[in-house]
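Results of the structural survey
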Amino acid sequence: MKLLHVLKTLPVAALVVLLLMPAARAGASASQMTLMQDDSQLLFTTDERRIETITEMQTLGVDVVKFRLDWASVAPSPNSKQKPSGFSGDDPAEYNPAVWGVYDRTVSAILDHGMQPYILLGGRAPRWASGKTRVTRPDAKDYGRFVQAVGTRYSGTYKKDPSPLAQPLPRVGKYSAWNETNLKFWLAPQYSHGTPVSPKIYRGLLRAAHTGLVNSGHGGDDLFIGELLPFARSGEAGREKVRPIEFLRELACVDRKYKPYKGKAARDRDCQNFKRLPGTGLAYHPYTLPGGPDIPTPNKDDASVGELDRVVHALDKLGRANRISKGWPIWATEFGYQTDPPDKFQTPIKRVPNFLGEAEWFSYRNPRVATYAQYPLVDDRLTNGGSGFQSGLRTHDRKKKKGVYEAFERPLYVDLVTSKVVEVFGGVRSAAAGQKVKIESKLGKGSWKKLGTATLGAQGYFDRKFQVSKAADRKFRFKLGKTKSRTATAHRRR
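First things first, this report covers the structure right here in the doc. Model, not experiment: these values are computed from the prediction. (Residues numbered from 1 in each chain as written. Predicted model: local features only at pLDDT ≥ 70, side-chain atom pairs only at ≥ 80, totals over all residues. Heavy atoms only, no water.)

Some remarks on the sheet that holds strand β3 (residues 116-121)
Here eight strands make up a closed barrel; going around it, the order is β1-β2-β3-β4-β7-β8-β9-β12 and the pairing parallel. Averaged over neighbouring strand pairs, the angle between their axes works out to 30° when direction is ignored. Bridging between strand β8 (residues 281-284) and strand β9 (residues 330-332) involves three bridges; their strand directions are parallel. Within the sheet, the bridge partner assigned to Leu282 lies in β9 and is Ile330. (Pairing = 2+ DSSP bridges. Helix = DSSP H or I, 4+ residues; strand = E, 2+ residues; numbered from the N terminus. Axes fitted to C-alpha atoms, helices over the stretch in contact; angles between N-to-C directions.)

Pasting the structure below:
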C-alpha cells in the first residue's frame, strides 16, 4: 500500500500521533550481532558435546562465541608460589599442551561452523603470578607474557607440530582482558581507604595485554576492555564492587567532571603522565534488577540494558578528552535471567520471555550496542547452596525452558506507545535478510488479523509501528512462513 494512500485513510488525530512519534533509532538495528558463552558445554567436556553445543549455537543464529581462556588452567605449576625455572611466559610451547588442545579444538569448531571466536584472556592467575596470598591481583608483566603466548598461538601462522605438512592453528581476532574487573571476586582489592584501587590494577593489566597482542601480530584486532558488571547493590559499593561508570572514569584517570586527576589524587591512582588507554570497545554485562529491563538503577554510575545511554555518554566524554579512542562500541558479552524453576529465589519463568524481548529491544534501539548476549545455553547444576547460573535456555538436564527458548529463537516485544499505537519489535535471528514476516493481532477471543508485514534486516530483526484500536487489550504475534512467534501483549514502560 502506498504511503500517501495510508496517510489519506487515517483519522486526523491518528495521523498527528504517527507524525509526532519518534522514529526508531538506526545503527545497531542493522548490524547488532548475537553473542553466546557457555564454557561448561564448550571446554572441559567431550568432543561430542562440544560439537553438539556449537552446532546448536549455529542453528540458533549466533554470530560470535565467547569463551574464557583461563591462565591458571594452561600455566605450568599453577598452585606453586615459585615460577618454574627458566619459564619466560611468552611462548605457547611453555604451557600445558593437553589443556591448550581443548582451546584449539574449540576455536577450530567455532570457525568451522561459520561463527567468530572471542577469547576472554584470563580470569584466574597462577599463584606464582599473584603474590603470596591471592590469585585476584596478577602481575601485569606476567599477564602480558601470557597474552602474547595466546596471541602467538592464534596468530594464524603458529604450528604446534613442526612437520612441514602440519597446518597452522587458526587466527582469532577478538579478545577481552580479564573478567568482571569491577568485582572483588575477580580482581582485588576493589577499594583502599575509600579510593577505588581495581581500576589502577586493571590499567596495568590492560596495557600489558595490549602490548602482548601487538607483539604477537594482533595490533589491528579487537581488544575489548572491562567485562564490567552493571550495578552495585546496597552494601557492595565501596567494598566489593566499583560502579561501572565510576570504574571507567577511574581507569581513565578523570574525576566526576571528567577532569584529569592532579597532585595527590593522581599519585594515589598512578595517573601521572597518563597516556590514552588501548582498546577498541567496551565489554559489558548489562544485567537488570529483578523487576525487569525497565526498572531503573538508582545510581547514575550504574547502567542496566535499558540505560546503556549512560555508558555511551561516559564513553563519549572520555573520547572527547582523548582518554580513549572516540566512538567506542559497547559489546554486551554476558546477559540473561535466572529462572524459577529451577531456582526458587529467581525470576518466575513465565515473566522471562517478556523480559528477554524487552531487553533485546532496548539493545537493538541503541546504535552503539554491537551485540546482544545470552549466557549460558545450558543451566549449571543447582545445588543446595544455589551455585552457578540458571539463566540458560535449557535446564541442566538439557530440556528446553518453555517460553524462554522460543523467546530467544524468535524475540518479540510490543511497546504500548499510546492507547492506539504500538511498536512491534521482533526477529528470527537465524533467518536470512530480506525475508518477510506477517504481523498479527487479536482482541479477546476473536480471530487473528493481519496488521502488516515487515522485512527482516541483516541480523534478522524488524521494528514497525502500527495504529490499532484498544491496543492495550490485544495480543500480538508474527509469522515467518508457517513458523509462529510466541504471543505477547503490549507493554507500557514505567
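That covers the picture; the talk isn't over yet.
Regarding the side chain of Thr297
Within the fold, Thr297 resides in the loop between β8 and α12 (308-320). Here Thr297 falls in the buried class, since its relative accessible area comes to 2%. Within polar-contact distance, the side chain of Thr297 engages the side chain of Glu307 at 2.6 Å. A polar side-chain atom of Thr297 sits 3.0 Å from a polar atom in the side chain of Arg310. Each residue touching Thr297, except ones within four places of it in the same chain, is listed here: Phe231, Leu289, Asp302, Ala303, Ser304, Glu307 and Arg310. (Buried < 20%, exposed > 50% of the residue type's maximum accessible area, 1.4 Å probe, protein only. Polar contact = N/O pair within 3.5 Å; in protein donor to acceptor, adjacent residues only side chain to side chain. Contact = heavy atoms within 4.5 Å.)

Observations concerning the packing of aromatic side chains
Counting across every chain of the model gives 29 aromatic pairs. A centroid spacing of 5.7 Å and a plane angle of 50° characterise the contact between Trp71 and Tyr143, whose relative ring orientation is tilted. Remark: Tyr143 occurs in helix α8 (residues 140-153) and Trp71 occurs in helix α6 (residues 71-74); sequence separation between them is 72 residues. Ring centres 5.1 Å apart and planes at 85° place the aromatic pair Tyr375 and Phe389 in the edge-to-face group. Here Tyr375, found in the loop between β12 (369-374) and α14 (404-409), pairs with Phe389, found in the loop between β12 and α14; they are 14 residues apart in sequence, far enough to count as distant. (Phe/Tyr/Trp six-rings, centres within 6.5 Å; stacked < 30°, edge-to-face > 60°.)

Notes on the pattern of salt bridges
Summed over the entire model, instances satisfying the criterion amount to 30 salt bridges. Between Asp70 and Arg124 there is a salt bridge, with the nearest N and O atoms lying 2.7 Å from each other. Within this pair, whereas Asp70 is found in the loop between β2 (64-69) and α6, its partner Arg124 is found in the loop between β3 and α8, the two being separated by 54 residues in sequence. Judged by relative accessible area, which is 6%, Asp70 ranks as buried. Residue Glu423 is joined to Arg365 by a salt bridge in which the shortest nitrogen-to-oxygen separation is 3.3 Å. With Glu423 in strand β14 (residues 421-427) and Arg365 in helix α13 (residues 352-365), the pair connects residues that are 58 residues apart, well separated along the chain. Each member of the pair, Glu423 as well as Arg365, is classed as buried. Salt bridges sharing partners connect three or more residues here, namely Arg49, Glu52, Glu56, Arg394 and Arg398. (Salt bridge = Lys/Arg side-chain N within 4 Å of Asp/Glu carboxyl O.)

Some remarks on the sheet that holds β14
With respect to topology, three strands assemble into an open sheet ordered β13-β14-β17, the strand pairing being antiparallel. The open sheet has two edge strands, β13 (412-418) and β17 (461-467), and neither has a second partner. Each neighbouring strand pair of the sheet contributes to a mean axis angle of 15°, computed without reference to strand direction. Helix-sheet contacts for α13 involve β13, β14 and β17, and the interaxial angle to β14 is about 90°.

What about helix α9 (residues 198-215)?
Taking 1.5 Å as the rise per residue, α9 with 18 residues should run 26 Å; its terminal C-alpha atoms sit 26 Å apart, in good agreement. Among all positions of α9, only Ser198, Pro199, Ile201, Tyr202, Arg203, Leu205, Leu206, Ala208, Ala209, Gly212 and Leu213 are buried. Lining the buried residues of α9 we find α8, β4 (174-177), β6 (195-196), β7 (222-228) and α10 (244-251). Gly217, located one to two residues past α9, shows a positive phi value of around 90°. (Expected span 1.5 Å × (residues − 1).)

Quick word on unusual backbone geometry
In the segment running from Asp340 into Pro341, the intervening peptide bond is cis, with an omega of 0°. Within the secondary structure, Pro341 is located in the loop between β10 (339-340) and β11 (347-348). Looking along the chain, the bond that leaves Pro341 and enters Pro342 is cis, with omega of 15°. Within the secondary structure layout, Pro342 lies in the loop between β10 and β11. One non-glycine residue, Ser77, lies in positive phi territory at about 50°. Along the chain, Ser77 turns up in the loop between α6 and α7 (97-112).

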